[in-house]
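Read off the chains here:
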Amino acid sequence: MKPQEFRSARLAKGWTQSQAATHLGMTQAYLNYLENGKRRLTSKLVRRATSVYGLSLSSLPVTDMFVPVETSDQHLAEALSTLGYPGFRYLHSHTARRHPNEFLLTALAQKSLDGRVAEALPWVAMNSAEPNSWLVENARKFNLQNRLGFVVSLARRAVSKSNVTVQPAALDHLEFLLDDSRLVKEDYFYRPPRTESESQWLRKNRSDDAVHWNLLTDMKPEHLQYVG
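Our subject in this report is the structure included herewith. (Residues numbered from 1 in each chain as written. Predicted model: local features only at pLDDT ≥ 70, side-chain atom pairs only at ≥ 80, totals over all residues. Heavy atoms only, no water.)

**Here's the deal with the overall build of the protein chain**
Along its length, the protein chain carries 12 helices and 2 strands. Helices (α) and strands (β) of the protein chain occur, in sequence order from the N terminus, as α-α-α-α-α-α-α-α-α-α-β-α-α-β. Dimensions along the principal axes, computed over C-alpha positions, put the protein chain at roughly 65 × 35 × 35 Å. When the 228 residues of the protein chain are sorted by exposure, 47% land in the buried category. In the protein chain, 72% of the contacts between residues at least 6 apart in sequence involve partners at least 24 apart. Here the protein chain has roughly 12000 Å² of accessible surface; of this, 48% comes from carbon and sulfur atoms. (Helix = DSSP H or I, 4+ residues; strand = E, 2+ residues; numbered from the N terminus. Buried < 20%, exposed > 50% of the residue type's maximum accessible area, 1.4 Å probe, protein only. Contact = heavy atoms within 4.5 Å. Areas by Shrake-Rupley, 256 points an atom, 1.4 Å probe, with all protein chains shown as cover.)

Structure follows, in structure tokens:
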């Protein structure tokens, strides 16, 4: 977040510097330094401002040295709850809120996903994903461009049915960037086939998007429960 964006977030709330400083837990003088670029906006401060000003989770900082780690479906479900996903809104989570791009890559890097978590990923892409260099570069770094590309394809096909914050053009551009480095090696989404017979069935019955992204999966846009 840049100082001007930090200042604009306060103005959007209609708060004076003194009012905002009280909510942020700092002095008005220090807030003035931050808004004018005289003090560094740390990740901790940006996270605090995102909560206080009610900003989109896309305003959260991303990890510079991001590495997706193995995690549980329950943890991913709780993370989806913090992102506002309707299917898991009932969960009460103490999980720290993360940038949606980090969540997407972490989920896609798992060896296997619960179906309900997998169905949520296009919703995250529809509402939060942006065609920025961080997302594309890290997807390529961890060979996740095909899985992410497929999720974006699902989101793009469902976006016309929904009221979302991401414009279709953003999804189109993200899909284009990922397609430029599409992997030839066959992969799967969202769980590995249990038998060779299942692999063969998936090859025959998968969608055109799954074929394009070289993935074995039976997921299609009509399987998504929440698309808005």
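**A few points about empty space enclosed by the protein**
Regions of empty space are outlined by a rolling probe, equal in size to a water molecule, passed over the atoms. Per the stated rule, a full pass over the model turns up 1 cavity of 30 Å³ or more. Estimated volume of the largest cavity: approximately 40 Å³. Ala107, Leu108, Gln110, Leu113, Arg147, Tyr188, Phe189, Tyr190 and Arg191 are the residues that line the largest cavity. Of the residues belonging to the lining of the largest cavity, the class tally is 6 nonpolar, 1 polar and 2 charged. (1 Å grid on protein atoms, 1.4 Å probe; cavity = no way out; pocket = protein on both sides within 12 Å on 5 of 7 lines; lining within 4 Å. Points joined across faces, edges and corners; volume = space filled by probe spheres on them. Nonpolar A, V, L, I, M, F, W, Y, C, P; charged D, E, K, R; others polar.)

**Details of the packing of aromatic side chains**
For any pair of aromatic rings, the description consists of the separation of the ring centres together with the inter-plane angle of the planes. Within this structure, the stated rule accounts for 9 aromatic pairs. For the ring pair phenylalanine 66 and phenylalanine 142, a centre distance of 6.1 Å and an interplane angle of 85 degrees mean the geometry is edge-to-face. Of this pair, phenylalanine 66 sits in the loop between helix H4 (43-52) and helix H5 (73-83) while phenylalanine 142 sits in the loop between helix H8 (133-141) and helix H9 (145-158); the two residues are 76 residues apart in sequence, bridging distant segments of the chain. Residues phenylalanine 189 and tyrosine 190 carry aromatic rings whose centres are separated by 5.9 Å and whose planes lie at 80 degrees to one another, so their mutual orientation is edge-to-face. (Phe/Tyr/Trp six-rings, centres within 6.5 Å; stacked < 30°, edge-to-face > 60°.)

**Things to note about the packing of H8 against helix H10 (residues 168-179)**
When two helices pack together, their arrangement is given by the angle between the helix axes and by the axis-to-axis distance. At a minimum axis separation of 10 Å, H8 and H10 run at an interaxial angle of 35 degrees. Along this stretch, H8 crosses H10, giving a crossing that reads as right-handed. Of H10, the residues touching H8 (which contributes Leu135, Val136, Ala139 and Arg140) are Leu174, Leu177 and Leu178. For the contact of H8 with H10, a count of residues per class yields 6 nonpolar, no polar and 1 charged. (Axes fitted to C-alpha atoms, helices over the stretch in contact; angles between N-to-C directions. Left-handed = near helix turned anticlockwise from the far one by under 90°.)

**Section: the nonpolar core**
The biggest cluster of nonpolar side chains holds 47 residues, and the ones touching the most others in it are Leu80, Phe103, Leu121, Leu148 and Phe189. Ranked by the residues each element gives to this core, the list is headed by helix H7 (residues 115-127), at 8 residues. Every residue in contact with phenylalanine 189, bar those within four places of it in the chain, is listed here: Leu108, Ala118, Leu121, Phe150, Val151, Leu215, Leu216, Thr217 and Met219. Counting 15 residues, the second-largest nonpolar core is a separate cluster that includes Phe6, Leu24, Ala49 and Tyr53. (Core = buried A, V, L, I, M, F, W, Y, C linked by side-chain atoms within 4.5 Å.)

Any functional reading would require information beyond the geometric quantities listed.
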